[in-house]
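# Tertiary structure, described
As a plain string of letters, each chain reads:
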Amino acid sequence: MLKNDFEKWNQDDWLAKEIEREKRISAWDLDEGNSVRLEHEEDCERRQVADEHFRMHKARIKSAGNPVKGGISAWFVFDIVLMAVLFIVNALLPRPDFGAPIFLFLSINPGIFIWIFLLKRFPSENYCKAVFMIALLIEFYTIFVLNQRALSYLMWRLLG
């Protein structure tokens, strides 16, 4: 009888089974700590700092070739085109007055040197818009107030 009990207990090796089960299950799994651990591994502050550091290096490499930040806005191109158009239109007037195109030239040319060399970027969009609007106001004043007949003269000169 004793022999049968001994064999029965040896066949049911519950301690070895429990040790194997504990090797597979960690303490993190008991109270949903596993999800906390996974979340920490995915969103670790160390990883965020490393990513930010990597982005800074990438930005430095990109800006090394081009020391000027930002790009040329469309308003800057509009200013240059308007300056050329105003020089042509004012050359056709009976009493040419180059106030608006000269204002644009002086706003763009020294302005571009100040913005690029001192501030290391292109002129802002608001600066370009303001220069554009002021030049148009000066030109309208020149055409409609100083040269009352300038519009009819331009129409005759261009179309006739």
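Residues numbered from 1 in each chain as written. Predicted model: local features only at pLDDT ≥ 70, side-chain atom pairs only at ≥ 80, totals over all residues. Heavy atoms only, no water.

### What to know about the overall build of the chain
Scanning the chain for helices and strands turns up 8 helices and 0 strands. Put simply, the chain runs from its N terminus to its C terminus through helices and strands in the order α-α-α-α-α-α-α-α. Looking at the chain as a whole, 20% of its 160 residues are labelled buried. Contacts in the chain between residues far apart in sequence, at least 24 positions, make up 67% of those at least 6 positions apart. (Helix = DSSP H or I, 4+ residues; strand = E, 2+ residues; numbered from the N terminus. Buried < 20%, exposed > 50% of the residue type's maximum accessible area, 1.4 Å probe, protein only. Contact = heavy atoms within 4.5 Å.)

### With respect to the pattern of salt bridges
Summed over all chains, the structure comprises 1 salt bridge. A salt bridge links Glu125 to Lys129, with the shortest nitrogen-to-oxygen separation between them at 3.6 Å. In this pair, Glu125 and Lys129 are both assigned in helix 7 (residues 125-146), 4 residues apart and thus about one turn of the helix distant. Accessibility expressed as a relative area gives 40% for Glu125, which makes it partly exposed. (Salt bridge = Lys/Arg side-chain N within 4 Å of Asp/Glu carboxyl O.)

### Brief notes about the packing of aromatic side chains
Under the criterion given, the structure shown has 3 aromatic pairs. With centroids separated by 5.3 Å and ring planes inclined at 75°, the aromatic side chains of Trp75 and Phe132 adopt a geometry described as edge-to-face. Of this pair, Trp75 sits in helix 5 (residues 74-92) while Phe132 sits in helix 7, placing them 57 residues apart in sequence. On the basis of relative accessible area, Phe132 is assigned to the buried category, the value being 14%. (Phe/Tyr/Trp six-rings, centres within 6.5 Å; stacked < 30°, edge-to-face > 60°.)

### Some details on the nonpolar core
Phe76, Leu82, Leu86, Leu104, Ile108, Ile112 and Ala135 are the most contacted members of the largest nonpolar core, which has 13 residues in total. Only helix 5, helix 6 (99-118) and helix 7 provide two or more residues apiece to this core. Top element by residues in this core is helix 6. It accounts for 5 residues. (Core = buried A, V, L, I, M, F, W, Y, C linked by side-chain atoms within 4.5 Å.)

### Comments concerning the side chain of Glu139
Turning to its location among the elements, Glu139 is positioned in helix 7. Using a relative accessible area of 3% as the deciding quantity, one classes Glu139 as buried. Once residues within four sequence positions are removed from consideration, Glu139 is found in contact with Leu86, Val89, Asn90, Ala100 and Pro101.

### Quick word on the packing of helix 5 against helix 7
It is at 9 Å that the axes of helix 5 and helix 7 come closest, and there the two elements cross at 15°. The angle between helix 5 and helix 7 places the two elements in the roughly parallel class. Seen from above, helix 5 lies across helix 7 with left-handed handedness. Contact residues: Trp75, Phe76, Phe78, Asp79, Leu82, Leu86, Val89 and Asn90 in helix 5; Glu125, Cys128, Lys129, Val131, Phe132, Met133, Ala135, Leu136 and Glu139 in helix 7. (Axes fitted to C-alpha atoms, helices over the stretch in contact; angles between N-to-C directions. Parallel < 35°, antiparallel > 145°, perpendicular 65-115°, else oblique. Left-handed = near helix turned anticlockwise from the far one by under 90°.)

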